[in-house]
Amino acid sequence: MKKKIALTGDRPTGKLHLGHYVGSLSSRVQIQEDHSQFVMIADAQALTDYAHEPKRVSENVLEVALDYLSVGIDPKKTTIFIQSLVPALPEITLYFLNLVTWNRLKHNPTVKLEIQQKGYGEEVPAGFMIYPVSQAADITAFKAEVVPVGDDQLPMIEQTVELVRKFNRLYQTDVLIEPKAVLSSVARLPGIDGKAKMGKSLGNAIFLSDSPDEIAKKVKGMYTDPGHLRVEDPGKVEGNPVFTYLDAFAFDRAKVEELKAHYQRGGLGDGVVKKYLLEVLLSFLEPIRKRREELAKDPSHVMNILFEGTKVASAVAGETLREMKRSMGIDYFAH
Ligand code: TRP
C-alpha cells in the first residue's frame, strides 16, 4: 500500500519550544514511521509579517532545522525543506488567488485575530492577508492528506479544502487532494506565566535549546496557584502550569498523582513540586540539547540536509503544478 502523505510547517521566527514539542514535533516523529512526510520551514510565510526583519527569518532557518533534527525528525524518513526555494509554491498560490474572494479572506478567523493582535487595522500587508492561500498551495503541492496542526490552523485547512474542491470542479479534474487536519491529542501547553499559550515572542517559553541554568531559572519563576499562599493551604491543580507540564513530561504517573493529591490537600510547597518538575524537564531535554549542540558544530551539514530535501520537494511540487496547468489548459509547450 502506498503511504499517506503528511505535511506541516513552521515559521522560522524563533527557536522552537516545549509547546511545539507537545503540539507537533512529537507527533511528527511518530508520523514519519508510516507516512511519507514533508516538513517545511515556512520562511516565505514568516516574511508576510516580518518583511522588515529578514535576518531574523533567515537566521532562524538553521535554528529550526537544528530543533527538528535534535528531537528525532529523521531526514532519511522526512523531507525537510525551505519554502522560499520551491518556485512552484508561489505559482500555485497565484492560480488559487483567482478562486477565492477578498471577502472570504477577510473572514478567516485566525487571520482576523492575528490582524488584531498585531494592530494592523486597515494597514495589513496584502501578503499577510493572503497567507492562507499560500498555505493551501503548500499543502496541495505535496498532495498531503494529513496535516497535523494545532486548532488555530483549522481555518487554514478549511480554506484549503474549499480551494481544492473549487479547482477540481472548475477544471474538471482530480489532481488536487483534500487534506484532513489531524489535531494533537495533547492539550496546548500554557506558558510559564500561566497564559494559555506558550509563544516564541511572548517571553513565556522554555526552549528546546535552553541551558540547564536557564531552565532552572524559568521553572523557579513559574506561575502556580496564586491562592496557594502558605504551604499548609490547599492548592489548585487545574490551570496550574507546573502540573500541566508534569502531566505532559513526567513518566512516573503515580508520583504525579500523589503530588497532585498532596498539593490539593495542603501541606505541599510549590518549591517541592517545582524541584521535581525541574528534574523531569532536565532529563527530558538533556539528550535533545546534547544532540543539538553536536549538530550545531557543523551547520553546513545541516544546511546540506535542507538543500537535499528542497531538491526533492521542488520536484514533487513542480510535478503537481504541471498537472494543474494541464487541467487549466495552459501547458502550452508541454508536448
Ligand atoms: N501557519 C503555520 C504556523 O504558523 C505554518 C505553516 C505554513 C503550515 N505552511 C503550512 C502548517 C502548511 C501546516 C501546513 O504554524
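Values in this document were obtained by computation on a predicted structure and should not be read as measured data.

What counts as what
Each chain has its residues counted from 1, running along the sequence as written. Only residues with pLDDT of 70 or above have their local features reported here, since the model is predicted, and side-chain atom pairs are shown and tallied only from 80 upward, although totals for entire chains, interfaces and linings are computed over all residues. The basis for the side-chain values is all heavy atoms of the structure; hydrogens and waters are excluded. Put simply, a residue is near a molecule or strand once any heavy atom of it comes within 4 Å of that molecule or strand. We define a polar contact as two N or O atoms separated by no more than 3.5 Å, with the added condition that, inside protein, one atom must be a possible hydrogen donor and the other a possible acceptor, whereas residues neighbouring each other in sequence contribute only through side-chain atom pairs. We get accessible surface area from the Shrake-Rupley algorithm with a probe of 1.4 Å; when it comes to residues, only the shown protein chains can shield them. What counts as a helix is a DSSP run of H or I of at least four residues, what counts as a strand is a run of E of at least two, and both are numbered from the N terminus. Any residue that is not Ala, Val, Leu, Ile, Met, Phe, Trp, Tyr, Cys, Pro, Asp, Glu, Lys or Arg is counted as polar, Gly included; the first ten are nonpolar and the last four charged. Note on geometry: axes are C-alpha line fits, over the in-contact stretch for helices, and angles between N-to-C directions span 0 to 180 degrees. Roughly parallel here means an angle under 35 degrees, roughly antiparallel means over 145, roughly perpendicular means 65 to 115, and every remaining angle is called oblique. When the near helix sits turned anticlockwise from the far one by under a right angle, the crossing is termed left-handed; a clockwise turn instead gives a right-handed crossing. Contacts are residue-level and defined by heavy atoms, with any inter-residue pair within 4.5 Å sufficient. For this document, the term salt bridge refers to a Lys or Arg side-chain nitrogen within 4 Å of an Asp or Glu carboxyl oxygen. Only protein chains enter the accessibility calculation, which uses a 1.4 Å probe. A residue is then buried if its area is under 20% of the maximum for its type, exposed if over 50%, and partly exposed in between. To obtain the arc, one takes the directions from the helix axis to the C-beta atoms. The criterion for strand pairing is that DSSP finds at least two bridges linking the strands in question. Handedness of a crossover is defined as follows: orient the strands so they point away from the viewer, and if the path from the first strand over the helix to the second runs clockwise, the crossover is right-handed.

Observations concerning the site of the ligand
Residues in contact with the ligand amount to 13 residues; listed here are only the nearest, Met 40, Gln 45, Gln 135, Asp 138 and Gln 153. The separation between an oxygen atom of the ligand and a polar side-chain atom of Arg 11 is 3.5 Å. The contact in question runs from a nitrogen atom of the ligand to an N or O atom on the side chain of Gln 45, over 2.8 Å. In the complex, 88% of the free accessible area of the ligand, which totals 370 Å², lies under the protein chains. At the level of elements, β1 (4–10), α8 (131–141) and β4 (146–149) are the ones that each hand at least two residues to the shell around the ligand. A per-class count over the shell around the ligand returns 6 nonpolar, 5 polar and 2 charged.

Considerations on the packing of helix α4 (residues 88–97) against α8
Where α4 meets α8, the axes come as close as 8 Å, and the angle between the chain directions of the two elements is 120°. Regarding the angle of α4 to α8, the classification is oblique. By crossing handedness, the relation of α4 to α8 is classed as right-handed. Between α4, through Leu 89, Ile 92, Thr 93, Phe 96 and Leu 97, and α8, the contact on the second element is made entirely by Val 133, Ser 134, Ala 136, Ala 137, Asp 138, Thr 140 and Ala 141. Here the contact of α4 with α8 is built from residues that sort into 8 nonpolar, 3 polar and 1 charged.

Observations regarding the pattern of salt bridges
Tallied over the entire structure, the rule returns 23 salt bridges. The partner of Lys 325 in a salt bridge is Glu 91, with the nearest N and O atoms 2.9 Å apart. Note that Lys 325 is positioned in helix α14 (residues 299–328) and Glu 91 in helix α4, a separation of 234 residues in sequence. Given a relative accessible area of 22%, Lys 325 falls into the partly exposed group. The salt bridge involving Glu 257 is made with Lys 260; its shortest N-O contact spans 3.7 Å. Highlighted residues: Glu 257 and Lys 260, both in helix α12 (residues 253–265), separated by 3 residues, approximately one helical turn. Among the residues examined, Glu 257 registers a relative accessible area of 43% and is labelled partly exposed. Owing to a relative accessible area of 14%, Lys 260 belongs among the buried residues under this scheme. Sharing partners across several salt bridges, the network here consists of Asp 247, Arg 253, Glu 257 and Lys 260.

A short note on α4
Those residues of α4 that fall on the buried side of the exposure criterion are Ala 88, Leu 89, Ile 92, Thr 93, Tyr 95 and Phe 96. An end-on view of α4 places all buried positions within 165° of arc, on one side of the element. Exposed side of α4, more than 90 degrees from the buried face: Pro 90 and Leu 94 are the residues found there. Tucked inside the fold, the buried residues of α4 contact β2 (35–41), β3 (78–82), α8, α9 (154–170) and α14.

As for the pairing of β3
Most of β3 is tucked away, with 5 of its 5 residues classed as buried. The two faces of β3 match: Thr 78, Ile 80 and Ile 82 on one face and Thr 79 and Phe 81 on the other face are all buried. The pairing of β2 with β3 spans 5 bridges and is classified as parallel. Its bridge partner lying in β3, Met 40 is registered against Phe 81.

Section: the pairing of β4
Burial along β4 is two-sided: Val 146 and Pro 148 facing one way and Val 147 and Val 149 facing the other are all buried. Between the parallel elements β4 and strand β5 (residues 180–183), the chain passes through α9 in a crossover that is right-handed.

Here's the deal with the environment of Leu 268
Residue position: Leu 268 is located in the loop between α12 and α13 (270–296). Classification of Leu 268 by relative accessible area gives buried; the value is 5%. Separated by 79 residues in the primary sequence, Leu 268 and Leu 189 place their C-alpha atoms 23 Å from one another. Setting aside chain neighbours within four positions, we find Leu 268 in contact with His 228, Val 231, Leu 259, His 262, Tyr 263 and Val 273.

Side note on the packing of helix α3 (residues 54–71) against α14
Relative orientation of the contacting elements α3 and α14 amounts to 85°, with a least axis distance of 10 Å. One element, α3, and the other, α14, form an angle in the roughly perpendicular class. Mapping the contact onto sequence places Val 61, Leu 62, Ala 65, Leu 66 and Leu 69 in α3 and Pro 299, Val 302, Met 303, Ile 305 and Leu 306 in α14. For the contact of α3 with α14, the class distribution of residues is 10 nonpolar, no polar and no charged.

A few points about the environment of Leu 25
Structurally, Leu 25 is set in helix α1 (residues 18–31). Classification of Leu 25 by relative accessible area gives buried; the value is 0%. Residues Leu 25 and Arg 188, 163 residues apart in the sequence, show an inter-C-alpha distance of 13 Å.

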